[in-house]
Amino acid sequence: MHIYSVLISATALALLSGAAAASEEISNDLSRCAAGKGPAVLVNVQGVKEARGNVRVQSYVATPGTWLAKGRWLHRIESRASAGNMSFCLPVPSEGKYGIAVRHDRNGNGKTDFTQDGGGFSNNPSVSILNLGKPSVSKVAFDVGPGVTRITINLKYM
């Protein structure tokens, strides 16, 4: 009986820490951001330079240990690029602080090409060559409540 208590406790701890929800690729289902839904983030990506390649949007829990850490994103949506503006709906596991990263992989090679690709982050922080385009979590963190939180990310290109 004791082993079951340990397993239940470990499972509960994993769910509370968000480990169970990490790194899930999802489709861009905008109905998840309809009125009365949530918690979720409706991301309006502005300034997609051209309808070539892919746009990737990833959500993270806004903590120093998870923000932009490999494999620590919560949800990822990949979509063919459309020039201009694009919208994405990212559900989140609960109310709290999150960060969003967006990349326009213009040649579709799956790698970051600093001289070609575009990128942006929640709160639209300034980035420089000194931090290789990786702003601190304090600059990108925003609050998500019980409903749908709307944000706009402006893509930047070199």
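Residues numbered from 1 in each chain as written. Predicted model: local features only at pLDDT ≥ 70, side-chain atom pairs only at ≥ 80, totals over all residues. Heavy atoms only, no water.

Comments concerning the state of the cysteines
As a reminder, the rule being used: When two cysteine sulfur atoms lie within 2.5 Å, the pair is treated as a disulfide. A run of DSSP states H or I qualifies as a helix once it reaches four residues; a run of E qualifies as a strand once it reaches two. Both are numbered from the N-terminal end. Summary of the burial criterion: residues with accessible area below 20% of their type's maximum are buried, those above 50% are exposed, and those between are partly exposed, where the area comes from a 1.4 Å probe applied to protein chains only.
All chains considered together, the criterion is met by one disulfide. The side chain of C33 participates in a disulfide bridge whose partner is C89; the two sulfur atoms lie 2.0 Å from each other. Residues C33 and C89 share a disulfide whose torsion about the S-S bond is about 85 degrees; that sign makes it right-handed. Residue C33 is located in the loop between β1 (24-25) and β2 (40-48), and its partner C89 is located in strand β5 (residues 84-91); the two are separated by 56 residues in the primary sequence. Owing to a relative accessible area of 8%, C33 belongs among the buried residues under this scheme. Residue classification places C89 among the buried residues on the basis of a relative accessible area of 0%.

Things to note about the packing of aromatic side chains
Quick note on the threshold: When the centres of two rings from Phe, Tyr and Trp lie within 6.5 Å, Trp using its six-membered ring, the rings pair. Their planes under 30 degrees apart give stacked, over 60 give edge-to-face, and anything left gives tilted.
With the rule as written, the count across this model stands at two aromatic pairs. Summarising the aromatic geometry, the rings of Y60 and W67 are spaced 5.1 Å apart at their centres and angled 75 degrees between planes, so their arrangement reads as edge-to-face. W67 matches Y60 in its accessibility class, with the two residues each being buried. Ring geometry for W67 against F121: centres 5.9 Å apart, planes inclined by 70 degrees, an arrangement best described as edge-to-face. Residue W67 is found in the loop between β3 (54-61) and β4 (75-80), and its partner F121 is found in strand β7 (residues 118-121); the two are separated by 54 residues along the sequence. Judged on exposure class, the residue W67 and its partner F121 are both buried. The rings of Y60, W67 and F121 are connected pair by pair, giving a single aromatic cluster.

Overview of the environment of N124
Cut-off, in case you're wondering: Each polar contact in these results corresponds to two N or O atoms within 3.5 Å; when the atoms are within protein, one needs to be able to donate a hydrogen and the other to accept it, and residues that are neighboring in sequence are counted only if both atoms are side-chain atoms.
Position of N124 relative to the elements: it lies in the loop between β7 and α2 (137-140). The sequence separation of N124 and P135 amounts to eleven residues, and the corresponding C-alpha distance is 9.6 Å. A polar contact is formed between the side chain of N124 and the backbone nitrogen of N154, at a distance of 2.7 Å.

Some details on the nonpolar core
For the record, the criterion: Buried Ala, Val, Leu, Ile, Met, Phe, Trp, Tyr and Cys residues form a nonpolar core when they are joined through side-chain atoms within 4.5 Å.
Formed by 23 residues in total, the largest nonpolar core has its most connected members in V43, V48, V55, F88, I100 and V102. When residues of this core are traced back to their parent elements, those giving at least two are β2, β3, β5, β6 (96-105), β8 (142-144) and β9 (148-154). No other element matches the four residues that β2 contributes to this core. If you look at the next biggest cluster of nonpolar residues, it comprises eight residues, including A62, W73, A101 and V140.

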